[in-house]
Amino acid sequence: MASTRAAIRYAKAILEIAASKVVATEVSNDMSLIASTIKSNPELSAFIQSPTIKVEVKENALLEVFAHANAVTKSLFHLLFENKRFEILEAIALEYNKLFDLMNGVEVAKVTTAIPMDAALETKVLAKIASFSNKKITIENTVDTSIIGGFILRIGDKQYNASVANRLQVLKRELSN
């Protein structure tokens, strides 16, 4: 819990700096790359989390791995070096992108489907999203075979359940009454 709050504070600070230098978009791209790289690379994640590896080595390695990163992103590495907090780097990157999207009026629509989304289903989902929100939307698809068919759409605190499993559950309740 404390590391999450710390990650949010670091992310807010970096976003303020990036916005003041008009490089928030570039830093957002860096943060997306950092988060996906750490998530997809267990060795890098273990390296960052390791308490036995010196922080100087971690900073130098990250500067080398993300050599093309923006100067603001590299300043984050140095700040984490000074505070010995490299273990929350992935959380900072994820929080930064959430705050960046919020700042730009972008919402994430989490769509759960039984199979990966195709163009037809994506069109149907986007039509439903238009009734929920007038903001720019990014779709995040999760596959869950237990819903049998259809989709479950979550935007912020709103949910629309158009799954076959939900319809069967509703029908079961109606027939049992």
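Read on for a plain summary of the structure. Only a predicted model underlies this, so the values are computations on that prediction, with no experimental measurement involved.

1. Topic: the overall build of the protein
Logical step 1: Counting secondary structure elements, the protein contains 8 helices and 4 strands.
Logical step 2: Starting at the N terminus, the α and β elements of the protein follow one another as α-α-α-α-α-α-β-α-β-β-β-α.
Logical step 3: Its C-alpha radius of gyration of 20 Å places the protein more than 25% over the 16 Å reference for a compact globule of 177 residues.
Logical step 4: Taken along the three principal axes of its C-alpha coordinates, the protein extends 65 × 35 × 30 Å.

2. Examining the layout of surface pockets
Logical step 1: In this structure, the largest pocket encloses a volume near 660 Å³.
Logical step 2: Lining the largest pocket we find 23 residues, and of these Lys98, Asp101, Val108, Lys110 and Glu140 sit closest to its centre.
Logical step 3: The set of elements that each furnish at least two residues to the lining of the largest pocket consists of helix 2 (24-40), helix 6 (89-103), strand 1 (106-113), strand 2 (136-143) and strand 3 (150-155).
Logical step 4: A per-element tally of the lining of the largest pocket places helix 6 first, with 6 residues.

3. Focus on unusual backbone geometry
Logical step 1: One non-glycine residue with positive phi stands out, namely Val22, at about 55°.
Logical step 2: Structurally, Val22 can be placed in the loop between helix 1 (2-20) and helix 2.
Logical step 3: Residue classification places Val22 among the exposed residues on the basis of a relative accessible area of 69%.
Logical step 4: One non-glycine residue, Ile148, adopts positive backbone phi at about 70°.
Logical step 5: The topology assignment puts Ile148 in the loop between strand 2 and strand 3.
Logical step 6: For Ile148, a relative accessible area of 54% gives the class exposed.

4. Digging into the side chain of Glu59
Logical step 1: Locating Glu59 in the fold gives a position in helix 4 (residues 55-65).
Logical step 2: Of the side chains with opposite charge, Lys74 comes closest to the buried, unpaired Glu59, at an N-O distance of 11 Å.
Logical step 3: Not counting chain neighbours up to four residues away, the residues in contact with Glu59 comprise Phe77, His78, Phe81 and Phe86.

5. Points about the packing of helix 4 against helix 5 (residues 71-83)
Logical step 1: Packing of helix 4 against helix 5 brings their axes to within 9 Å, and their N-to-C directions diverge by 170°. What the angle tells us is that helix 4 and helix 5 run roughly antiparallel. Seen from helix 4, the contacting residues are Val55, Glu56, Glu59, Leu62 and Leu63; seen from helix 5, they are Lys74, Phe77, His78 and Phe81.
Logical step 2: Taken together, the residues that form the contact of helix 4 with helix 5 break down as 5 nonpolar, 1 polar and 3 charged.

6. Here's the deal with the packing of helix 2 against helix 6
Logical step 1: Direction vectors running N to C along helix 2 and helix 6 enclose 140°, while the axes themselves pass 8 Å from each other. With respect to helix 6, the axis of helix 2 lies oblique. The hand of the helix 2/helix 6 crossing is left-handed. Residues Ala24, Thr25, Val27, Ser28, Met31, Ser32, Ile34, Ala35, Ile38 and Lys39 of helix 2 touch helix 6, and the partners they reach there are Leu89, Glu90, Ala93, Leu94, Tyr96, Asn97, Phe100 and Met103.

7. Side note on the pattern of salt bridges
Logical step 1: Taken as a whole and assessed by the stated rule, the structure comprises 2 salt bridges.
Logical step 2: Note that Glu87 and Arg85 form a salt bridge whose closest N and O atoms lie 3.3 Å from each other.
Logical step 3: Under the relative-accessibility criterion, Glu87 is labelled partly exposed at 32%.
Logical step 4: Given a relative accessible area of 24%, Arg85 falls into the partly exposed group.
Logical step 5: Note that Glu95 is salt-bridged to Lys98, the shortest N-O span being 3.6 Å. With Glu95 and Lys98 both in helix 6, this residue pair falls 3 residues apart, about one helical turn.
Logical step 6: Given a relative accessible area of 15%, Glu95 falls into the buried group.

Analysis parameters
Residues numbered from 1 in each chain as written. Predicted model: local features only at pLDDT ≥ 70, side-chain atom pairs only at ≥ 80, totals over all residues. Heavy atoms only, no water. Helix = DSSP H or I, 4+ residues; strand = E, 2+ residues; numbered from the N terminus. Rg over C-alpha atoms; globule rule 2.2 N^0.38 Å. 1 Å grid on protein atoms, 1.4 Å probe; cavity = no way out; pocket = protein on both sides within 12 Å on 5 of 7 lines; lining within 4 Å. Points joined across faces, edges and corners; volume = space filled by probe spheres on them. Buried < 20%, exposed > 50% of the residue type's maximum accessible area, 1.4 Å probe, protein only. Lys, Arg positive; Asp, Glu negative; His and termini not counted. Salt bridge = Lys/Arg side-chain N within 4 Å of Asp/Glu carboxyl O. Contact = heavy atoms within 4.5 Å. Axes fitted to C-alpha atoms, helices over the stretch in contact; angles between N-to-C directions. Parallel < 35°, antiparallel > 145°, perpendicular 65-115°, else oblique. Nonpolar A, V, L, I, M, F, W, Y, C, P; charged D, E, K, R; others polar. Left-handed = near helix turned anticlockwise from the far one by under 90°.

Purely geometric stuff here, so don't read any function into it on its own.
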